Amino acid sequence: MMRKKLVIIGNGMAPGRVLETLLEKQPDAYDITVFNAESRVNYNRIMLSPVLSGEKAFADIIIHDEAWYESHGIQLHRGAPVTQIDRERKSVTAQSGVVTLYDHLIIATGSNPVVIPLPGHDLPGVLTYRDLDDVDAMLAAARTKKNAVVIGGGLLGLEAAAGLQAQGMNVTVLHLMPTLMERQLDPAAGYLLEKSMMERGITVITKANTHAITGDGRVEAVELDDGTEIAADIVVMAVGIRPNIKLAQECGLAVNRGIIVDDQMFTSDPDISAVGECVEHREQCYGLVAPLYEMAKVIGNRLALEPDADYQGSVTSTKLKVTGIDLFSAGDFGEAPDRDEIVYRDATRGIYKRLILKDNRIIGAVLYGDTQDGAWFFQLQKDRTDISEIRDTMIFGPAYVGGEPLNPTGAVAALPLDAEICGCNGICKSTIVNAITGKGLTSVDDVRSHTKASASCGSCTGLVEQLLALTLGDAFQADAVQPLCACTDLGHDDVRRLIIAKELKTIPQVMQDLEWKTSCGCAKCRPALNYYLIATWPGIYKDDSQSRFINERVHANIQKDGTYSVVPRMWGGMTTPDELRAIADVADKFRIPTVKVTGGQRIDLLGVKKDDLPSVWADLNAAGMVSGHAYAKGLRTVKTCVGTDWCRFGTQDSTGLGIKIEKMMWGAWTPHKVKMAVSGCPRNCAEATCKDFGVICVDSGYELHFAGAAGMHIKGTEVLCTVASEDEALEYCGATVQLYREQGRYLERIYKWADRVGVDTVRDQIVNDPARRNLLFRRFLYSQQFAQVDPWAERVAGKDWREFTPMANFSMLEAAQ
Amino acid sequence: MNTQTEKWIVVGHLNDIARRGSRCIKGPRFNIALFRTADDQIYAIEDKCPHKQGPLSQGIVHDGAVTCPLHNWVINLRTGQVVGEDEGQVRTLPVKLENGLILLNMGISLVRAA
Ligand code: SRM
Ligand SMILES: Cc1cc2nc3c(=O)[nH]c(=O)nc-3n(C[C@H](O)[C@H](O)[C@H](O)COP(=O)(O)OP(=O)(O)OC[C@H]3O[C@@H](n4cnc5c(N)ncnc54)[C@H](O)[C@@H]3O)c2cc1C
Ligand code: SF4
Ligand code: FES
């Protein structure tokens, strides 16, 4: 009897598995011919990365060698790409001209790496990462060249980067998105991954838009949109794959993104099947091996005439094959209100685990640092197991089901002995712990009187309590600290002290190292953390605008109808005819409906359309005006009265001092808004005695006030002291605000902060301790260097332009029908 | 009914919206707010809070929900339902993501007008 002819195009991982399944059941049923474009036998493509890094040789990753094909009587054409399928004659033609007839044909052409058509993408030295030729080219480059740039921070890009680095190259990874592997990892895990890559010496640049690849005759550098230039001897593009559907398309099979197949892997022609990365099944294309193996089994069984269950689509999981980096991700890890999550973080060991639950079932998992339970979670997910019984402990793995919950004082326990706990008095962890054990202390008061820790502003009280708890164990009963929000057990002060002690410099880092209970925080903690980081790391921390309320994000106040208000600064309440003319012109030009004098001695333009904001600001900037920060948790206004310039009672130049203060203070971010005033005499026409900081000029100098308010609570100020000169007034003012910036809790006005830490403590540090005052003042001036940039001018120049432009405008379209 | 008026229009690219951010689309009858969550899901809803018409596109995005910038009502982006004590619903619109491109079914959104 004539055997049926089975022809396979492509010899990758998918057809390899088809053949194994078939031959195990029906070794002799078909006359098999395989064409492969690559001139090699069947090998394990996913192990190319260990070959690149030098951990394995090519021989180690061969799946079926020459002898295997011979012993099964399979005719393998290597280095023989098929160029045409003739469905009428049922034949395929290879490039060599060989024509082979088939009864059944399997297309398994895999996929092609995507090459972004950047200027310079065709220069020698630009590579992709798909097969052994690519690996050989990279290894050759590594032997003689120095710098490699990898475009794409997904699985392939990072494996290429780690391999090249292991081969001794300087590697930079450019990634378009804000975090690495964003398709598989949530931002928290992406951050840890970035940290691990950086620690092994690989430079990672996220949000990197590549502009061009440059070089004379071969690659020399990569240029980013922002002008950065990175030297490159080779560039590896690993930005994605596209199913290789060319042959199928040309012979008229149904294709979409991939070759369309049904649940038995038939294409639109019943004599042709397709398998692997080239197919599209139920609108899904896959780029991992596990689904391909499931598909391959279906075809293999069908060909063996023992048809299997239908292919139903696959749930996939991912690991990264870089030695020393443990990462696992599976399923859907998106956030939605109908989902729950369980998050576990161990900062000392760099572990992050997150399970996403819906209706008591796992629907996704992200593990970093410790992935040994990945398979167990993945199984629970695929089996749709109801986990309500094991919910409390399952994050610790199958071994711990029924075990103990975690200790929340971990972050403090992990601090080194020389970490500073009390910033005011410079007391470190070991001093406190030694005093507790050496002197038998049992309460925070004891610690205060013996070490002075937490005796000044008190912001480290929570930490001292945790040290007591750690040292004394159950013997210590702590007063409950009010947590910052539901995402953490730590209070505001603890978080601030730990940001400093552990040198935490980004929001994801804070969340990881302080063991946040949610993956990305909430609307309450994110703005607070953003402020704490700005205040702690001037010039280093990069503001996170998505963690700000709309007004601070767009630098204007939102109004009840969705329009905005614009309040330009009028230094000390002074203005000029030119400024007023510019305001009038802008109001006319942009048809701004309301122009109002505010309670803060300046002019408010109300009802500005969001799209118009940058143009309005541009005109105001052109007239020399800048943002008045009427929206900011920062300095609002410095009100003044006319003072000695005109007033018959004025004692000092209150207007001039007000302007000097405003010029020094503007732009500073603070825990809550800050309002100031300078009055020229005790008649106090500028209402300085109900401000956050106020000055009353007197004959002998300047009476300084602080901690007043006149909003929901009316509170007269406290007197700080009297000083003789303007320079002193400026220094005391800057130092007081800096102390508030360092100790105030987010959304705590100055009067509430002073009330909490004690007005006397503030006086002690500002008035009675000149060295400390001077240090505070210098820290304030230092941070102002980075803060005093007019946010309006930045946006006029194009920053955040998307925020002010609708993404699309269809308002002119007539409704259909 | 709706199938007859399906009309998917590309309105932009995923990267045109910041993560946990939003952009507005001006429509003929009403404005649409497009949201991108931390994990790159895209949602489209009418840009109008059921409380007092606040522009939801200006709110803070968290957990698949947005907090209205005016009085802090929280709206579930998938269902359009107001979360918590308050009551109300925002119109949601069909939106899909293909190769990074955001497509909006303008057919439906135009016809099913308020
Ligand atoms: C425009 C203005 C009213 C006016 O037409 O005069 C105003 C308008 C608003 N005030 Fe005010 N306040 C204005 C002077 C005041 C004053 C008087 C002052 O500064 O001398 C006070 C009392 C003094 C004080 O703050 O202690 C004042 C106490 C408040 C409060 C209560 C603060 C408190 O801690 O109790 C709020 C609510 C808040 O900030 O949380 C508030 C909030 C607001 C907001 C931002 C409400 C909001 O969130 O949208 C209003 C924004 C309007 C806008 O878009 O411009 N406004 N507000 C004044 C702008 C001053 C400026 O030039 O920047
Ligand atoms: C470096 C790297 C690391 C990876 N790591 C992982 C991992 O860790 N986990 C995971 O699950 N997956 C991983 N993958 C993906 C995995 O390798 C692929 O999903 C899998 O190899 C696809 O198998 P396939 O048979 O569909 O296609 P391929 O293995 O790509 O095989 C297709 C073959 O068809 C040939 N061909 C194409 N056109 C023709 C033609 N006209 N005529 C003849 N022959 C043709 C090609 O030369 C190729 O040899 C990785 C991939 C790479 C490149
Ligand atoms: S007092 Fe202030 S917050 Fe209240 S309505 Fe007037 S401007 Fe608005
Ligand atoms: S308008 Fe949205 S909460 Fe009031």
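This one's a predicted model, so the numbers in the text were calculated from it and none came from an experiment. (Residues numbered from 1 in each chain as written. Chains lettered and ligands numbered in written order. Predicted model: local features only at pLDDT ≥ 70, side-chain atom pairs only at ≥ 80, totals over all residues. Heavy atoms only, no water.)

### Description of the overall build of chain B
Short version of the rule: For the purposes of this entry, the term helix denotes a DSSP run of H or I that reaches at least four residues, the term strand denotes a run of E that reaches at least two, and both are numbered from the N terminus. The rule is simple: take the accessible area with a 1.4 Å probe, protein chains only, and divide by the maximum for that residue type; under 20% is buried, over 50% is exposed, in between is partly exposed. The contact criterion used throughout is that any non-hydrogen atoms of two residues lie within 4.5 Å. Surface accessibility follows the Shrake-Rupley procedure with a 1.4 Å probe radius. Residue values consider only the protein chains on display as shielding.
In terms of helices and strands, chain B carries one helix and 11 strands. Mapped in sequence order, the helices and strands of chain B form the string β-β-β-β-β-β-β-β-β-β-β-α. By residue count, 58% of the 114 residues in chain B fall in the buried class. A sequence separation of at least 24 residues applies to 41% of the contacts in chain B between residues at least 6 apart. Roughly 4700 Å² of accessible area belongs to chain B as shown, and the carbon and sulfur atoms make up 46% of that amount.

### A few points about the overall build of chain A
Counting its regular elements, chain A contains 25 helices and 41 strands. Sorting the 817 residues of chain A into buried and exposed places 56% on the buried side. Contacts in chain A between residues at least 24 apart in sequence constitute 62% of all its contacts with a sequence separation of at least 6. With an accessible surface of roughly 34900 Å², chain A has 49% of that area assigned to carbon and sulfur atoms.

### Brief notes about helix H11 (residues 429–439) of chain A
Along H11(A), the positions that sit buried rather than exposed are Lys429(A), Ser430(A), Ile432(A), Val433(A), Ala435(A) and Ile436(A). Of the residues trailing H11(A), Gly440(A) is marked for its positive phi of about 65 degrees.

### Points about the interface of chain A and chain B
Much of the literature gives interface size as the accessible area that the parts lose upon coming together. Going by this rule: Throughout, the accessible surface (probe 1.4 Å) given up by two parts as they are put together, summed over both, is called the buried area. By definition here, a salt bridge exists when the distance from a side-chain nitrogen of Lys or Arg to a carboxyl oxygen of Asp or Glu is within 4 Å.
Counting from both sides, the interface comprises 45 residues of chain A and, opposite them, 43 residues of chain B. Both faces considered, chain A and chain B share a buried interface measuring about 3600 Å² in area, 56% of it formed by carbon and sulfur atoms. Viewed at the interface, chain B and chain A are joined by two salt bridges. Linking Arg802(A) and Asp16(B) is a salt bridge whose minimum nitrogen-to-oxygen distance equals 3.8 Å.

### What to know about empty space enclosed by the protein
Residues and elements named next belong to chain A. Where we set the bar: Every definition here rests on a 1 Å grid over the protein atoms only: cavities are sets of points where a 1.4 Å probe fits but cannot get out, pockets are open sets enclosed by protein on both sides within 12 Å along at least five of seven lines, and lining residues have some atom within 4 Å of a point. Grid points are joined across faces, edges and corners, and a volume is the space filled by probe spheres set on the points. An automatic or database domain assignment provides the domain bounds reported here.
This model, assessed by the stated rule, comprises four cavities of 30 Å³ or more. As for the largest cavity, its lining consists of Pro-527, Asn-530, Tyr-531, Arg-548, Glu-552, Lys-633, Trp-669, Thr-670 and Tyr-746. In terms of residues, the lining of the largest cavity owes the most to one element, helix H16 (residues 525–536), which gives three residues. Each of domain 4 (408–541) and domain 6 (635–789) accounts for three or more of the residues forming the lining of the largest cavity.

### Some thoughts on the sheet that holds strand S14 (residues 203–205) of chain A
All names here are of chain A. Counted only if it meets this: What makes two strands pair is DSSP finding at least two bridges between them. All axes are obtained by fitting lines to C-alpha atoms, using only the stretch in contact for helices, and the reported angles, taken between N-to-C directions, cover 0 to 180 degrees.
Strand order in the open sheet formed by five strands is S11-S18-S12-S13-S14, and the pairing between neighbours is parallel. Taken across any chain shown, the strands that pair with only one partner, and hence form the sheet edges, are strand S11 (126–128) and S14. Ignoring which end each strand starts from, the neighbouring axes of this sheet average 20 degrees apart. Judged from the three bridges that link them, strand S13 (residues 170–174) and S14 form a sheet pairing that is parallel. Directly across from Val-173, in S14, lies its bridge partner Val-204.

### Points about the site of ligand 2
Residues and elements named next belong to chain A. Our working rule: By convention in these notes, a residue is near a molecule or strand provided one of its non-hydrogen atoms lies within 4 Å of it. A 3.5 Å cut-off defines polar contacts: any pair of N or O atoms within that distance qualifies, except that in protein one atom must be a possible hydrogen donor and the other a possible acceptor, and neighbouring residues in sequence count only when both atoms are side-chain atoms.
What surrounds ligand 2 is a group of 31 residues, the closest being Arg-45, Arg-130, Glu-277, Val-289 and Lys-321. In the environment of ligand 2, an oxygen atom lies 2.8 Å from a nitrogen or oxygen atom belonging to the side chain of Glu-38. Taking Glu-277, its side chain carries an N or O atom lying 2.5 Å from an oxygen atom of ligand 2. In the complex, the protein chains occlude 91% of the 990 Å² of accessible area that ligand 2 would expose alone.

### A closer look at the confidence of the model for chain B
Regions with low pLDDT carry predicted coordinates that are not meant to be interpreted in detail. Residue and element names in this part refer to chain B. Let me state the cut-off plainly: Predictor confidence is given residue by residue as pLDDT, running from a minimum of 0 to a maximum of 100.
This prediction gives chain B a mean pLDDT of 85; 89% of its residues lie at or above 70. At the level of individual helices and strands, chain B shows its lowest average pLDDT in helix H1 (residues 106–111), which scores 56, and its highest in strand S4 (residues 42–46), which scores 95. Note on residues 109–114: pLDDT under 50 across the span, and 14 contacts to partners over four residues away in sequence or across chains. Per the prediction output, this complex has pTM 0.64; the corresponding ipTM is 0.68.

### As for the environment of Pro806(A)
On the secondary structure map, Pro806(A) appears in the loop between helix H25 (791–796) and strand S41 (808–809). A sequence separation of 196 residues divides Pro806(A) from Lys610(A), and the C-alpha atoms of the two residues are 9.4 Å apart.

### Notes on unusual backbone geometry
Trans peptide bonds make up most of the peptide bonds, and negative phi angles are found at most residues other than glycine. Residues and elements named next belong to chain A. With a phi close to 45 degrees, Arg-282 is a non-glycine residue in the positive phi region. For Arg-282, the position within the fold is in the loop between strand S22 (279–281) and helix H8 (289–303). For Glu-283, which is not a glycine, the phi torsion comes out positive at approximately 65 degrees. In this fold, Glu-283 is placed in the loop between S22 and H8. We classify Glu-283 as exposed; its relative accessible area is 74%.

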